[in-house]
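Examining the three-dimensional arrangement
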Amino acid sequence: MTEPEPPAVAALSLAETSTAPATKAIEQEINPWDVQAATDDQGNVLEFDYEAISKKWATKLIDAELLARFERVTGHKPHRWLRRGLFFSHRDLELILDTYEKQGDFLMYTGRGPSSDAMHIGHTIPFEFTKWLQEVFDVPLVIMLTDDEKFLFKEKLSQPEVYQFARDNAKDIISMGFDVKKTFMYIDSEFLSSGFNRHFSLNATEFEKLVTNNQVRGAFGFHGSTNIGSNAFAAKQCVAAFASSYPFIFGYDTKTYHRSAKLAAMPCLIPCAIDQDPYFRLVRENCNRMDQPSPKPALIHSKFLTALQGAGGKMSASNPNSAIFMSDSEKTVKNKINKHAFSGGQETLELHKELGGNPDIDVAYQYLTYFEDDDEKLVKFAEEYRKGEMLTGDMKKECIGMMSKYVKKFQEARAKVSDETLEEFLLPRKLEWKGNPKVERKVEVKEEGKEGGEEGTTMGEDGQPLTKNQMKKLAKAAEVERKKKEKEAAKAAQA
Ligand code: TYM
């Protein structure tokens, strides 16, 4: 997502100046590269209207009934972000619950576009939530790092730069506590040129053939001068939702030409903020047209954690004061909240005590609603703030305490993520998960010569299972190749 543009000022004729508004109201714009809140005819930036976007894109709002079913099926109280409506919308989450009840597992998929070396707190939301969902469902997860996407869409970024960002961001994500046994993470430029990507590539090429220029232009607002890489990129983010793109995760043959129809049929759940939905509408529209059809991936969408400047603002790496970054020091966190967090309090202490504040637009309170687990404490803060008993400074102090703790915990974990740990996550391999404990896992018996390898194995070129050592050797070769490419790219950048 890019920096919001300032509202366009409507040209006024002389006759209009006395009665017409000073600016033209602008509708909100939400897409994967551009998120702008609406402005009214006075040029005021408005809050995002999430119900409107859900209606426009025909997603379903998450309601109490769905949350009750979630709790019944999983045996887990819904996460506070579900209870508080921060993950507010979905597509086919009911079908995922059906699958979990009947079949016991499915694939989870999320990702990050590495546009800078540090992630802000907003970016951590889908990952924290994904980790929680993975713990609840105990299912395999893939995390895609789209360095290719960021190179194609960001004019100023070079390939070596985005690749390095991807590695740094991958370490950030790992430090949120993902389980390496159940999680495969990949950097596009690396995985898509490795020996393990054949089925992913076949899926991507097939998908590229199904989608026309008009479809991607409609979905993403591309035009004739958009580079051809950007036009084609969507296919990659889309087929990443097909389990058949990752045969090794399930112990299937990676070298055979033929993709597994059984894996293609595996349902997928994608947690993300609502801006990523246009990609997945494209895959939902076309997945049943694949030679080996996949079900429409299910989605669970979050709202945007607001920028420090308040409602309608967007956190941006190019404006350090718009967001708290996971690399910020305790002092910076404190200063940013004190200086830049928009306050819902009154202008003077007297007025605040008399009229009370508005927690709904108070950024410090909004951040607390994300990170404070105690529902009662939050209700108490909101009530006291409204009555003017709790002051802006008190609210900011609570927020500083909470955010400093969150960032510090992250940084401590991040310091422990080594290159070796990263390589473990990046290694294509069979994952281990248990799924729904109430569903008996069927051990599949495959006929000779049919798709797939035996459960628990990854197959080599000769169709024989690879041993752990062979897998390690392959990974080492891939690492040597990667380092070679890295050096070449750095040389080219210097030249
Ligand atoms: P990216 O890097 O823009 O964002 C990564 C994830 O963070 C979400 N997000 C936010 N969530 C809450 N508050 C915010 N302020 C905020 N800003 C961003 C995004 O919705 C996303 O979930 N093309 C993608 C990378 C990708 C991906 C995926 C994302 C590839 N496959 C599958 C989600 C699911 C991107 O550039 O994300």
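Since the model is a prediction, treat every value here as computed from it, not as a measurement. (Residues numbered from 1 in each chain as written. Predicted model: local features only at pLDDT ≥ 70, side-chain atom pairs only at ≥ 80, totals over all residues. Heavy atoms only, no water.)

Before going further, it helps to spend a moment on the overall build of the protein chain. When helices and strands are tallied, the protein chain shows 20 helices and 9 strands. Classification of the 495 residues of the protein chain by burial places 51% in the buried group. If you sum the accessible surface of the protein chain, you get close to 24,200 Å²; carbon and sulfur atoms cover 51% of it. (Helix = DSSP H or I, 4+ residues; strand = E, 2+ residues; numbered from the N terminus. Buried < 20%, exposed > 50% of the residue type's maximum accessible area, 1.4 Å probe, protein only. Areas by Shrake-Rupley, 256 points an atom, 1.4 Å probe, with all protein chains shown as cover.)

Within the structure, the ligand sits among 24 residues, and Tyr109, Arg112, Gly113, Glu149 and Asp275 are positioned closest to it. The separation between a nitrogen atom of the ligand and a polar side-chain atom of Tyr109 is 2.8 Å. In the model, a nitrogen atom of the ligand is placed 3.3 Å from a nitrogen or oxygen of the Gly122 main chain. Considering the ligand on its own, with 690 Å² of exposed area, one finds that the protein chains cover 99% of that surface. Going through the elements one at a time, strand S5 (107-112), helix H5 (121-137), helix H6 (147-153), strand S8 (268-273) and helix H13 (277-286) are the ones with two or more residues in the shell around the ligand. A total of 4 residues in the shell around the ligand trace back to one element, the largest contributor, which is S5. When grouped by side-chain class, the residues that make up the shell around the ligand number 11 nonpolar, 8 polar and 5 charged. (Near = heavy atom within 4 Å. Polar contact = N/O pair within 3.5 Å; in protein donor to acceptor, adjacent residues only side chain to side chain. Nonpolar A, V, L, I, M, F, W, Y, C, P; charged D, E, K, R; others polar.)

Here the structure, examined in full by the defined rule, presents 21 salt bridges. Here the salt bridges do not stand alone but share partners, grouping Arg69, Asp98 and Glu101 into one network. (Salt bridge = Lys/Arg side-chain N within 4 Å of Asp/Glu carboxyl O.)

Counted residue by residue, strand S9 (residues 298-302) has 5 buried out of 5 residues, so it is predominantly covered. Here S9 shows no split at all, with Ala298, Ile300 and Ser302 on one side and Leu299 and His301 on the other all buried. The sheet contact formed by strand S4 (residues 87-91) and S9 spans 4 bridges and is antiparallel. In the sheet register, Phe87 faces S9, and the bridge partner there is Ser302. (Pairing = 2+ DSSP bridges.)

Low pLDDT marks stretches whose predicted atomic positions should not be read closely. Per-residue pLDDT for the protein chain averages 87, and the proportion of residues at 70 or more is 86%. Note on residues 1-20: pLDDT under 50 across the span, and 36 contacts to partners over four residues away in sequence or across chains. Predicted confidence for residues 443-466 stays below pLDDT 50, and this span has 48 contacts to residues more than four positions away or in other chains. (pLDDT = per-residue confidence, 0-100. Contact = heavy atoms within 4.5 Å.)

At their nearest, the axes of helix H16 (residues 363-371) and helix H18 (residues 392-415) sit 9 Å apart, and the two run at 40° to each other. What the angle tells us is that H16 and H18 run oblique. For the element pair H16 and H18, the recorded crossing hand is left-handed. Contacts from Ala364, Tyr365, Tyr367, Leu368 and Phe371 of H16 reach H18 at Met395, Lys396, Glu398, Cys399, Met402, Met403 and Tyr406. (Axes fitted to C-alpha atoms, helices over the stretch in contact; angles between N-to-C directions. Parallel < 35°, antiparallel > 145°, perpendicular 65-115°, else oblique. Left-handed = near helix turned anticlockwise from the far one by under 90°.)

What follows concerns unusual backbone geometry. With a phi angle near 55°, Ala58 is a residue other than glycine that sits in the positive phi range. The topology assignment puts Ala58 in the loop between helix H1 (50-56) and strand S3 (60-61). Relative accessible area serves as the criterion here: at 59%, Ala58 is assigned to the exposed category. The phi dihedral of Asp138 is positive, around 55°, even though this residue is not glycine. Mapped onto the elements of the fold, Asp138 is located in the loop between H5 and strand S6 (141-145).

Moving on to H16. Burial of H16 is extensive: 8 of the 9 residues sit out of reach of the surface. Every buried residue of H16 is listed here: Val363, Ala364, Tyr365, Tyr367, Leu368, Thr369, Tyr370 and Phe371. Elements that come into contact with the buried residues of H16 comprise helix H3 (80-83), H5, helix H17 (375-386) and H18. Between a side-chain oxygen at the N-terminus of H16 and the backbone nitrogen of Ala364 the separation is 3.3 Å; the capping residue is Asp362.

This model, assessed by the stated rule, comprises 39 aromatic pairs. Following the ring pairs from residue to residue traces out a cluster consisting of Phe70, Trp81, Phe87, Tyr100, Phe106, Phe129, Trp132, Phe137, Tyr370, Phe371 and Tyr406. Taking NZ or CZ as reference, Lys255 lies 5.9 Å from the ring centre of Phe196, over its face. Its guanidinium or amino end placed over the ring of Trp57, Arg281 lies 4.4 Å from that ring's centre, counting from NZ or CZ. (Phe/Tyr/Trp six-rings, centres within 6.5 Å; stacked < 30°, edge-to-face > 60°. Lys NZ or Arg CZ within 6 Å of the ring centre and 35° of its normal.)

Another point: the nonpolar core. Among the nonpolar cores identified, the biggest contains 76 residues, and Tyr367 and Met403 are the most heavily contacted of them. With residues up to four places along the chain from it excluded, the contact list for Met403 reads Ile121, Ile324, Val333, Ile337, Tyr367 and Phe371. Membership of the second largest hydrophobic core comes to 45 residues, among which are Met266, Cys287, Leu299 and Leu431. (Core = buried A, V, L, I, M, F, W, Y, C linked by side-chain atoms within 4.5 Å.)

With that settled, the discussion passes to the environment of Asp117. Mapping Asp117 onto the fold places it in the loop between S5 and H5. Taking relative accessible area as the criterion, Asp117 reaches 47% and is therefore assigned partly exposed. Through-space distance from the C-alpha of Asp117 to that of Asp168 is 6.0 Å; in sequence the pair is 51 residues apart.

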